[in-house]
Amino acid sequence: MRKKVTVVGAGNVGASCAVRIADKELADVALIDIIEGVPQGKALDMLEACPIENSDIRVVGTNSYEDTANSDVVVMTAGFPRKPGMSRDDLLLKNASIVKSCIGQAAKYSPNAVLIVVSNPLDAMCDVAYHASGFSRNRVIGMAGILDTARFRTFLAEAVGVSVENVVAMVLGGHGDTMVPLVRYTSVAGIPITQLLPADQLAAIVQRTRDGGAEIVGHLKTGSAFYAPSSSVVEMVESILKDKRKVLPCAALLDGEYGRKGIFVGVPCNLGSYGIEKIYEVELDGGERTALDASADAVEELVRVLRRNGY
């Protein structure tokens, strides 16, 4: 039997996820949205592209969660997008209600699925999804670190003048202004990045990475990034469905790792058919530990706001 993925939200991120999954022939796709006609129209358009892409995947658009039943993976993209001058945190309570409702329904019809959360503010929305679903912690994962790392790799490759494939990097922490690009672990074909770029240029690239989402919002004016986020999601989906066990930076619920418990933070995760198969604890120096603690503290503050508002 073929695998099935539900994508909640037929906006730019959700639709881009759906079409990439279909093009890669990873799974049948159910695209769901509250707006009548939008998921149906986009799904039909994708389905009609499948013969050209040599993909025998079925893509269905729907407004009913019954059509999402028995999904292996559920990708949560629905929510309000960022606008210029708006931080991810500004979206907190608006999107918490959306995530709680959508995940509750998706979990009801796909109780064995792995949840991938994309809605912002990412780490806090993972907490909402975890409680709304009742799933074990290995089956609720946030997409953040892959996107942040991709941005970091992009800027580094441009600066050094090499292929992005040669750049190995990882970004940990919350998905926001406090994310932690690990410069000390970054290399180009095994060459430490600190040997190739001066400290001031690296610092500027780290800051641009942290501002990566806002930079795109500033250009678009009325929307936010969706091509790179959707590619990041699909890398996670593929690793889970194919049990590839790729090690990817994802938002995971910590249970003592990195000295934290009961909070979602971006860390290196082994992704397989059961979701998070293993969390790796990277050795951090004093500065890196302080930065990660500050990032985790920022997430905890958002969670406290959620709790005060009944989430």
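Residues numbered from 1 in each chain as written. Predicted model: local features only at pLDDT ≥ 70, side-chain atom pairs only at ≥ 80, totals over all residues. Heavy atoms only, no water.

A.B. asks: What exactly am I supposed to notice about the overall build of the protein chain here?
C.D. replies: Within the protein chain one finds nine helices and 14 strands. Since a compact globule built from 311 residues should have a radius of gyration of about 19 Å, the 19 Å found for the protein chain is in line with a globular shape. Oriented by its inertia axes, the alpha-carbon framework of the protein chain measures out at about 55 × 50 × 40 Å. Scored against the burial criterion, the 311 residues of the protein chain give a buried share of 52%. Long-range pairs, those at least 24 residues apart, make up 68% of the contacts in the protein chain with a sequence separation of at least 6. Of the roughly 13,600 Å² of accessible surface on the protein chain, a fraction of 51% belongs to carbon and sulfur atoms. (Helix = DSSP H or I, 4+ residues; strand = E, 2+ residues; numbered from the N terminus. Rg over C-alpha atoms; globule rule 2.2 N^0.38 Å. Buried < 20%, exposed > 50% of the residue type's maximum accessible area, 1.4 Å probe, protein only. Contact = heavy atoms within 4.5 Å. Areas by Shrake-Rupley, 256 points an atom, 1.4 Å probe, with all protein chains shown as cover.)

A.B. asks: So what exactly am I meant to see when it comes to the packing of helix H3 (residues 92-109) against helix H4 (residues 122-133) here?
C.D. replies: Across the interface, H3 lies against H4 with an axial gap of 8 Å and an inter-helix angle of 35°. Considering only the axes of H3 and H4, their crossing is right-handed. Only Ala124, Met125, Val128, Ala129, Ala132 and Ser133 of H4 make contact with H3, whose side of the interface consists of Leu92, Asn95, Ala96, Val99, Lys100, Ile103, Gly104 and Ala107. For the contact of H3 with H4, the residue count by class is 10 nonpolar, three polar and one charged. (Axes fitted to C-alpha atoms, helices over the stretch in contact; angles between N-to-C directions. Left-handed = near helix turned anticlockwise from the far one by under 90°. Nonpolar A, V, L, I, M, F, W, Y, C, P; charged D, E, K, R; others polar.)

A.B. asks: Would you explain the pairing of strand S4 (residues 73-76) in this entry?
C.D. replies: Within a regular strand, the side chains alternate between the two sheet faces. Residues Val73 and Val75 line one face of S4 and the alternating positions Val74 and Met76 line the opposite face, and both faces are buried. When strand S1 (residues 4-8) meets S4, the two strands line up parallel, connected through four bridges. Following the sheet pairing, Val5 is matched in S4 by Val73. Pairing geometry for S4 and strand S5 (residues 114-117), over four bridges, is parallel. By the bridge assignment for S5, Val73 is matched with Val114. (Pairing = 2+ DSSP bridges.)

A.B. asks: Sorry if this is basic, but what is going on with the environment of Arg208 here?
C.D. replies: Along the chain, Arg208 turns up in helix H6 (residues 199-210). Separated by 57 residues in the primary sequence, Arg208 and Arg151 have C-alpha atoms spaced 8.7 Å apart. Apart from residues lying up to four places away in sequence, Arg208 is in contact with Phe155, Glu158 and Glu215.

A.B. asks: Help me out: how do you make sense of the pairing of strand S3 (residues 59-62) in this one?
C.D. replies: Note: strand S2 (residues 28-32) against S3, four bridges, orientation parallel. Counterpart to Ile32 in the pairing with S3 is Thr62. Remark: the S2/helix H2 (residues 38-53)/S3 crossover connection has right-handed handedness. (Right-handed = clockwise from strand over helix to strand, strands pointing away.)

A.B. asks: Would you explain the sheet that holds strand S7 (residues 167-168) in this entry?
C.D. replies: Note: strands within a sheet are paired through backbone hydrogen bonds, in either parallel or antiparallel orientation. Read across the open sheet, the three strands follow the order S7-S10-S11; overall the sheet is antiparallel. Among the strands making up the open sheet, the edge pair consists of S7 and strand S11 (191-192). For strand S10 (residues 187-188) and S11, the ladder comprises two bridges, and the chain directions are antiparallel. Along S11, the bridge assignment pairs Ser187 with Pro192.

A.B. asks: What am I meant to see in the packing of aromatic side chains here?
C.D. replies: Given two aromatic rings, their pairing is described by the distance between the two centres and the angle made by the two planes. Inspection of the entire model under this criterion finds two aromatic pairs. A centroid spacing of 6.1 Å and a plane angle of 70° characterise the contact between Tyr130 and Phe264, whose relative ring orientation is edge-to-face. Separated by 134 residues along the polypeptide, Tyr130 in helix H4 and Phe264 in strand S13 (residues 261-272) bring together distant segments of the chain. Assessed through its relative accessible area of 1%, Phe264 is described here as buried. Judged by centre distance (4.4 Å) and plane angle (50°), the rings of Phe226 and Tyr227 are tilted. Overall, Phe226 belongs to the buried group, its relative accessible area being 17%. One residue, Lys94, lies across the ring of Phe80, its end atom 5.6 Å from the ring centre. Positioned above the aromatic ring of Phe155 is the side chain of Arg208, whose terminal nitrogen or guanidinium carbon lies 4.0 Å from the ring centre. (Phe/Tyr/Trp six-rings, centres within 6.5 Å; stacked < 30°, edge-to-face > 60°. Lys NZ or Arg CZ within 6 Å of the ring centre and 35° of its normal.)

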